[in-house]
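Each chain, letter by letter, is given below.
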Amino acid sequence: MKQFEKLTETEIIERVLKGEKSLYELIVRRFNAYLYKIGRSYNYNHEDTQDLMQDTYIDAFKSLSQFENRSSFKTWIIRIMMNNCYRKREKSSFRNEIMQDVNEHATPMFTNRNNETDKVIQSRELGTIIENSLVKIPLDYRMVFSLREINGLNVSETAAMLNISEANVKVRLNRAKTMLRSEIENAYSASELFEFNLIYCDAMVENVMKKINEL
């Protein structure tokens, strides 16, 4: 697969639709971490998150011909994952909120202090602190935090994903940071949150590709 790693998502999709199913493995590997973080942000455990990811990849594969590049593939597949999470929780909408003052120039919640992520992830304390903190945040705020801070979507993409205004995205993100700041302010990088280990990544690829080849 190494010779295909530089292909864009659009190029991969075009070739998959023409019959090169095996290239879909690249999609799975590229988006495992993003989808894993979404599932865990909904408070699903590791096993349930993996099941949701697998369903999402299969759903996306079956709908590849419907992807029209109107948004990035990243936001498209994250939306499918979120829809699956919504259905599992039997929750389909968010409450309206009253706009409040937001400090748009606030210091970022996380800073990338070094690239030794693998070493830090080995600390059980890190996972416990972050996951326990995020669990305490209401879903509405947790999902904005996940999409913006953890998955790197911009304000407009997040607003479209959650079907809320850009102003509400800023409100919710500000509130989410406030809820978390006392415990983990500037302590860890966003990339360390809910990291999807490569061991699980390989297993996910194998399971998804097996099901796709059966279609």
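Details of the structure are given in the entry above.
What this report covers is the structure whose coordinates are included nearby. The residue numbers shown here count from 1 along each chain, following its written sequence. Totals for whole chains, interfaces and linings use every residue, but because this is a predicted model, local features are given only for residues with pLDDT of at least 70 and side-chain atom pairs only at 80 or more, for both listing and counting. Think of the side-chain values as coming from all heavy atoms in the structure, minus any hydrogens and water.

## A short note on the packing of aromatic side chains
Between the rings of Phe, Tyr and Trp (Trp by its six-membered ring), a pair exists once the centres lie within 6.5 Å; its type follows the angle of the planes, with under 30 degrees stacked, over 60 edge-to-face, and the other angles tilted. With the rule as written, the count across this model stands at eight aromatic pairs. On the numbers, 6.0 Å between centres and 40 degrees between planes, the contact of Phe-31 with Tyr-34 is tilted. With a gap of three residues between them, Phe-31 and Tyr-34 both fall in helix H2 (residues 24–41), about one helical turn apart. Put simply, the rings of Phe-31, Tyr-34, Phe-67, Phe-73 and Trp-76 pair up and form one aromatic cluster. By the criteria applied, helices consist of DSSP H or I runs no shorter than four residues and strands consist of E runs no shorter than two, each listed in order from the N terminus.

## Brief notes about the pattern of salt bridges
Think of a salt bridge as a Lys or Arg side-chain nitrogen and an Asp or Glu carboxyl oxygen that are within 4 Å of each other. For the coordinates displayed, the defined rule picks out five salt bridges. Residue Glu-9 is joined to Arg-30 by a salt bridge in which the shortest nitrogen-to-oxygen separation is 2.7 Å. Of this pair, Glu-9 sits in helix H1 (residues 9–17) while Arg-30 sits in helix H2; the two residues are 21 residues apart in sequence, bridging distant segments of the chain. A network of salt bridges, in which partner residues are shared, links Glu-25, Arg-29 and Asp-202.

Purely spatial values, then, with no claim about function.
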